[in-house]
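Secondary and tertiary structure notes
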Amino acid sequence: MAAIGQGGVGTTTTSTITNDFIPLVNEARFHEEHATTMVKIVRREVLPKGRGDNIKIPKYGTFDDAQDGQEGTDVTQSQKLSDAVSTITPTEIVVKAVVTKRTVDQRRSDVLKIIGKLMGDSMGRKEEKTGLTMLSGFSLGLGSAGTALNWEHIGAGRHAIRGGGGGAAALVEPAPMASPILNVSHPHQLWPLAKDLAAVGSTTPYPVGLSADIVKMGRVGKIQDVTTFEAGLLTIDSSDDAIGGMFAKDALILVYGEREEYQDFRGALRAYEITMSRWLTFYEWNDSWGRSMTFDAVMPVS
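This is a predicted model, so every value here is computed, not measured.

Conventions and cut-offs
- Residues numbered from 1 in each chain as written.
- Predicted model: local features only at pLDDT ≥ 70, side-chain atom pairs only at ≥ 80, totals over all residues.
- Heavy atoms only, no water.
- Helix = DSSP H or I, 4+ residues; strand = E, 2+ residues; numbered from the N terminus.
- Buried < 20%, exposed > 50% of the residue type's maximum accessible area, 1.4 Å probe, protein only.
- Contact = heavy atoms within 4.5 Å.
- Areas by Shrake-Rupley, 256 points an atom, 1.4 Å probe, with all protein chains shown as cover.
- Salt bridge = Lys/Arg side-chain N within 4 Å of Asp/Glu carboxyl O.
- pLDDT = per-residue confidence, 0-100.
- Pairing = 2+ DSSP bridges.
- Lys, Arg positive; Asp, Glu negative; His and termini not counted.
- Polar contact = N/O pair within 3.5 Å; in protein donor to acceptor, adjacent residues only side chain to side chain.
- Axes fitted to C-alpha atoms, helices over the stretch in contact; angles between N-to-C directions.
- Expected span 1.5 Å × (residues − 1).

**Section: the overall build of the chain**
Counting its secondary structure elements, the chain contains seven helices and 14 strands. Looking at the chain as a whole, 40% of its 302 residues are labelled buried. Looking at the chain alone, contacts between residues at least 24 apart form 79% of all its contacts between residues at least 6 apart. A total of about 16600 Å² of accessible surface is found on the chain, and carbon and sulfur atoms cover 52% of it.

Now the structure itself:
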């Protein structure tokens, strides 16, 4: 096996990244982590090495309500534990960059960092887009094309998810209180909401509290106990609408494996191929704990 900086014929491969490429790898890892929203906010399950290419997650049923008891009387109602197993199989995402031997020999750490940033951004975008596709998959939804998002929509989504269904509405399971409610919207969708919550004008004094935070920081944050996140990679259709989503954290699961890096020396190219890969997928754990959010996403101009 040829060492870094040596020539060779064909491909020299190692799964261990040598010191010359540490700046590249560190930069890629940083930017991959910080380029995503969905990866960080949903429930996460690790795919262990050596345990096959899928993960099995059991989902248990609920017991009936406890019954009234009477002293000295046997309990006649027994409960039976039921479960169903979900088998989740992640898929591989991969990115490869070619770095010339001359760049490595000249110790151009600045160039390696740039390449690492681009690779990390590439991995992060793929992961983010994969997660965002889950938002339009919820069976129930709020909003409609051409409608501007406002705080009442946020409140309605939160209470619908927490309350479930019943009465005139279809019976759906309410999300558990232990699972926080999250909202993901395109930044264009959040601008009307921000203006609605933090109006500032010649006759309007500078706001305080939540409104002041929106004016100063430019982000909505938490409304109606719902934490709102921006996702600029949400697809905007030809009518300037986008489908985001509101969901309990446990409604979606990310299954992922460790990221791996490889370096190959290609003698014919006089260059190194740096490859990064990860196995992952998003999975809908409970459809009734989420709502798609279809709202106007026209580019703001005022």
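**Side note on the environment of K195**
Relative to the helices and strands, K195 resides in helix 6 (residues 187-197). Counting along the chain gives 107 residues from K195 to S302, while the straight-line C-alpha distance between them is 9.9 Å.

**What about the pattern of salt bridges?**
Under the counting rule described, the total for this entry stands at seven salt bridges. A salt bridge links K96 to E273, with the shortest nitrogen-to-oxygen separation between them at 3.6 Å. Here E273 lies in strand 13 (residues 271-284) and K96 lies in strand 5 (residues 91-100), a separation of 177 residues in the sequence. On the basis of relative accessible area, E273 is assigned to the buried category, the value being 9%. Close ionic contact of K222 with D225 constitutes a salt bridge, the shortest N to O distance being 3.8 Å. A residue is classified by how much of its surface remains accessible, and D225, at 44% relative accessible area, is partly exposed. Beyond isolated ion pairs, a larger network of salt bridges with shared partners links K96, R266 and E273.

**What about the confidence of the model for the chain?**
In this model, the chain carries a mean pLDDT of 81, and residues with pLDDT of at least 70 account for 82%. Here residues 1-15 is modelled with pLDDT under 50, and outside its nearest four sequence neighbours on either side it reaches 38 contacts, counting other chains as well.

**Focus on the pairing of strand 7 (residues 181-185)**
If a strand is regular, its side chains alternate between the two faces of the sheet. In terms of burial, strand 7 is largely enclosed, as five of its five residues are buried. Burial along strand 7 is two-sided: the face carrying I181, N183 and S185 and the face carrying L182 and V184 are both buried. Bridge count for strand 7 against strand 9 (residues 226-230) is five bridges, and the pairing is parallel. Bridge assignment links V184 to a residue of strand 9, and that residue is F229. Alignment of strand 7 against strand 10 (residues 241-248), held across four bridges, turns out to be antiparallel. Paired with N183 across the two strands is M246, which belongs to strand 10.

**Some remarks on the side chain of D241**
Relative to the elements of secondary structure, D241 occurs in strand 10. Buried charged residue D241 carries no salt bridge. Nearest counter-charge: K195, at 15 Å. Among the polar contacts listed, one links the side chain of D241 to the backbone nitrogen of G146, at a separation of 2.7 Å. Leave out the neighbours within four places in its chain, and D241 touches A145, G146, T235, I236, F295, D296 and A297.

**Things to note about the sheet that holds strand 7**
One open sheet holds the six strands; their spatial order is 6-14-10-7-9-8, and the pairing between them is mixed. Whereas interior strands pair on both sides, the edge strands pair on one side only; in this sheet they are strand 6 (141-143) and strand 8 (222-223). Bridge analysis of strand 8 against strand 9 gives two bridges, and the strand direction is antiparallel. Bridge pairing in strand 9 places K222 opposite T227. Of the strands in this sheet, strand 6, strand 7, strand 8, strand 9, strand 10 and strand 14 (290-296) are in contact with helix 5 (residues 151-163), which crosses strand 10 at around 40°. Against the sheet, helix 6 makes contact with strand 7, strand 8, strand 9, strand 10 and strand 14, and its axis sits at roughly 130° relative to strand 9, the strand it touches most.

**A few points about helix 5**
Here helix 5 is 13 residues long and its end C-alpha atoms lie 18 Å apart, about the 18 Å a rise of 1.5 Å per residue gives. If you check the start of helix 5, you find a side-chain oxygen 2.8 Å away from the backbone N of E152, and it comes from N150. Where helix 5 terminates, the next one or two residues include G164, which has phi positive at roughly 70°.

**Points about the environment of A271**
Looking at where A271 falls in the secondary structure, it is placed in strand 13. Look at A271 and you get buried, because its relative accessible area is 2%. Along the backbone, A271 and V99 are 172 residues apart, and their C-alpha atoms lie at a distance of 5.5 Å. Not counting residues within four places of it along the chain, the set of residues in contact with A271 comprises V98, V99, T100, K101, D264, F265 and R266.

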